Amino acid sequence: ITSSTCLEVLQRLVVFNPDEISVSVKECVEGVIGGTDYNQSKVNQWTASIVEHSLTHLVKQGRPFKYIVNCTIMQKSGAGLHTANSCYWDTATDGSCTVRWENRTMYCVVSVFAVAVAL
Amino acid sequence: MGESDTYHIRPNHQQKFRPAVVKECIREIVREQLSGVQYNPEEVLELTRSLADSVKDKVKNSGFDKYKLVVQVVIGEQRGQGVKMSSRCFWDADTDSYAEDVFMNASSILVPRSLPGLCPEAVLTPCLHS
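Criteria and cut-off values
Residues numbered from 1 in each chain as written. Chains lettered and ligands numbered in written order. Predicted model: local features only at pLDDT ≥ 70, side-chain atom pairs only at ≥ 80, totals over all residues. Heavy atoms only, no water. UniProt positions renumbered as here; feature names shortened; annotations may be inferred. Helix = DSSP H or I, 4+ residues; strand = E, 2+ residues; numbered from the N terminus. Buried < 20%, exposed > 50% of the residue type's maximum accessible area, 1.4 Å probe, protein only. Contact = heavy atoms within 4.5 Å. Areas by Shrake-Rupley, 256 points an atom, 1.4 Å probe, with all protein chains shown as cover. Buried area = accessible area lost by both parts, 1.4 Å probe. Salt bridge = Lys/Arg side-chain N within 4 Å of Asp/Glu carboxyl O. Axes fitted to C-alpha atoms, helices over the stretch in contact; angles between N-to-C directions. Left-handed = near helix turned anticlockwise from the far one by under 90°. Nonpolar A, V, L, I, M, F, W, Y, C, P; charged D, E, K, R; others polar. Core = buried A, V, L, I, M, F, W, Y, C linked by side-chain atoms within 4.5 Å. Pairing = 2+ DSSP bridges. Phe/Tyr/Trp six-rings, centres within 6.5 Å; stacked < 30°, edge-to-face > 60°. Expected span 1.5 Å × (residues − 1).

The name an unreviewed UniProt entry gives chain B is Tctex1 domain containing 2, with Oreochromis aureus as the organism. Listed in UniProt under the heading Sequence similarities (unreviewed entry), the comment for chain B reads: "Belongs to the dynein light chain Tctex-type family."

Going by the annotation in an unreviewed UniProt entry, the name recorded for chain A is Dynein light chain Tctex-type 1, with Oreochromis aureus given as the source organism. Per UniProt, chain A has the following entry under Sequence similarities (unreviewed entry): "Belongs to the dynein light chain Tctex-type family."

Quick look at the structure:
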């Protein structure tokens, strides 16, 4: 094992990886609302589920990060929705990723923020 | 022989994150930038970004410069649709926290949330129903 391989492995463990997170969040969303239509009485439990499952999945990876997961579900009605983030952190180790998902009747936007914990 | 350095790993009492102070910062900025403004699809993108940056700068300069901050702003047009937002966070409850504010006028709903902490926090969201 060379030292550069070691470094690669360490980096993969400690540096935020938005692609991996994107994939697992999409699966969570699909699992909770895939194939359903917007339903006012269920939307509370949907957002809570998506956020819980995503966070649990992230924490299970055992990486040294603090996480914030945010999920918005909006009924499709022609109205606009915009979100923006501004962060003051260490750009070498911290990061965020946003997953957008939609079906015929609703939009779902999930944002994940990960902040490195000093080891 | 050498000097010993003191490193502060946790904030002391004066520097502890104060949600009330941060909420007031958020409210001032929102009032300044959004009074009398109508939802305009061309301008709202820039408005959301500039609001997020302004809130971040203001909170940073209000005595929380030792904290990492995450500010999120959501602006939605009011057209009678249903919207629900939720968040969860995994952080150090001793040092980390959040503050939020909601602004509504006839055409839009704005939720700026600021999560500071040695680690940023998650903001727990209010339910926005039209």
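Engineer: It is not clear to me how the overall build of chain B should be interpreted in this structure. Could you clarify?
Structural biologist: Per the secondary structure count, chain B includes two helices and five strands. Reading chain B from its N terminus to its C terminus gives the helix and strand order α-α-β-β-β-β-β. Among the 130 residues that make up chain B, the fraction classed as buried is 48%. Excluding contacts between residues fewer than 6 apart, the proportion of contacts in chain B whose partners are at least 24 apart in sequence is 73%. Carbon together with sulfur atoms contributes 49% to the accessible area of chain B, which is approximately 6,800 Å² in total.

Engineer: Where do I start with the interface of chain A and chain B in this structure?
Structural biologist: Size of an interface: often given as the accessible area lost when the parts come together. Between chain A and chain B, the residue contacts involve 40 residues of the former and 46 residues of the latter. Across the interface of chain A and chain B, roughly 3,400 Å² is buried in total on both sides, 56% from carbon and sulfur atoms. By the criterion of area lost to chain B, the three top residues of chain A are A:His82, A:Ser86 and A:Tyr88, representing 23% of everything that side buries. The interface formed by chain A and chain B holds three salt bridges in total.

Engineer: How should the packing of helix H1 (residues 19-34) of chain B against helix H2 (residues 44-60) of chain B be read in this particular structure?
Structural biologist: Two numbers describe a pair of packed helices, the interaxial angle and the distance between the axes. Residue and element names in this part refer to chain B. One way to put it is that H1 packs onto H2 with a least axis distance of 10 Å and a crossing angle of 145 degrees. Pair H1 / H2 crosses with right-handed handedness. Residues Val 22, Cys 25, Ile 26, Glu 28, Ile 29, Val 30, Gln 33 and Leu 34 of H1 form the contact with H2, whose participating residues are Leu 47, Ser 50, Leu 51, Ser 54, Val 55, Lys 58 and Val 59. Of the residues that constitute the contact of H1 with H2, the class distribution is 10 nonpolar, three polar and two charged.

Engineer: Help me understand the nonpolar core in this model?
Structural biologist: One recurring pattern in soluble globular proteins is that nonpolar side chains are buried together. Ranked by size, the top nonpolar core spans 27 residues in total, and within it A:Val29, A:Ile33, A:Ile50, A:Ile73, A:Cys108 and A:Val110 carry the most contacts. Those elements giving two or more residues to this core turn out to be helix H2 (18-33), helix H3 (43-60), strand S1 (65-75), strand S3 (95-102) and strand S4 (106-116) of chain A. Ignoring anything within four residues of it in the chain, the contact list for A:Val29 reads A:Gly34, A:Ile50, A:Trp101, A:Cys108 and A:Val110. Grouped together as the second largest cluster of nonpolar side chains are 23 residues, B:Ile29, B:Leu34, B:Tyr39 and B:Phe103 included.

Engineer: Would you mind showing me how to read the pairing of strand S1 (residues 68-77) of chain B here?
Structural biologist: If a strand is regular, its side chains alternate between the two faces of the sheet. A large share of S1(B) lies buried, amounting to 10 of its 10 residues. On S1(B), burial covers both faces: B:Lys68, B:Val70, B:Gln72, B:Val74 and B:Gly76 on one face and B:Leu69, B:Val71, B:Val73, B:Ile75 and B:Glu77 on the other are all buried. Pairing of strand S2 (residues 81-88) of chain A with S1(B) involves eight bridges; the strand directions are antiparallel. By the bridge assignment, A:Tyr88 is partnered in S1(B) with B:Leu69.

Engineer: What is the right way to look at the packing of aromatic side chains in this model?
Structural biologist: The way to describe two aromatic rings as a pair is by their centre distance and the angle between their planes. This structure, assessed with the given rule, holds three aromatic pairs over all chains. Counting every residue linked through ring pairs, the aromatic cluster contains A:Phe65, A:Tyr67 and B:Phe90.

Engineer: Looking at this structure, how should I read H2(B)?
Structural biologist: Structural remark: α-helix, 3.6 residues per turn; residues separated by three or four positions point the same way. With 17 residues, H2(B) extends 24 Å from end C-alpha to end C-alpha; this agrees with the ideal 24 Å at 1.5 Å per step. Those residues of H2(B) not exposed but buried are B:Val44, B:Leu47, B:Thr48, B:Leu51, B:Ala52, B:Ser54, B:Val55, B:Lys56 and B:Val59.

Engineer: Would you mind going over the environment of B:Val102 with me for this structure?
Structural biologist: Considering the arrangement of structural elements, one finds B:Val102 in the loop between strand S3 (99-100) and strand S4 (103-104). Classification of B:Val102 as partly exposed rests on a relative accessible area of 34%.

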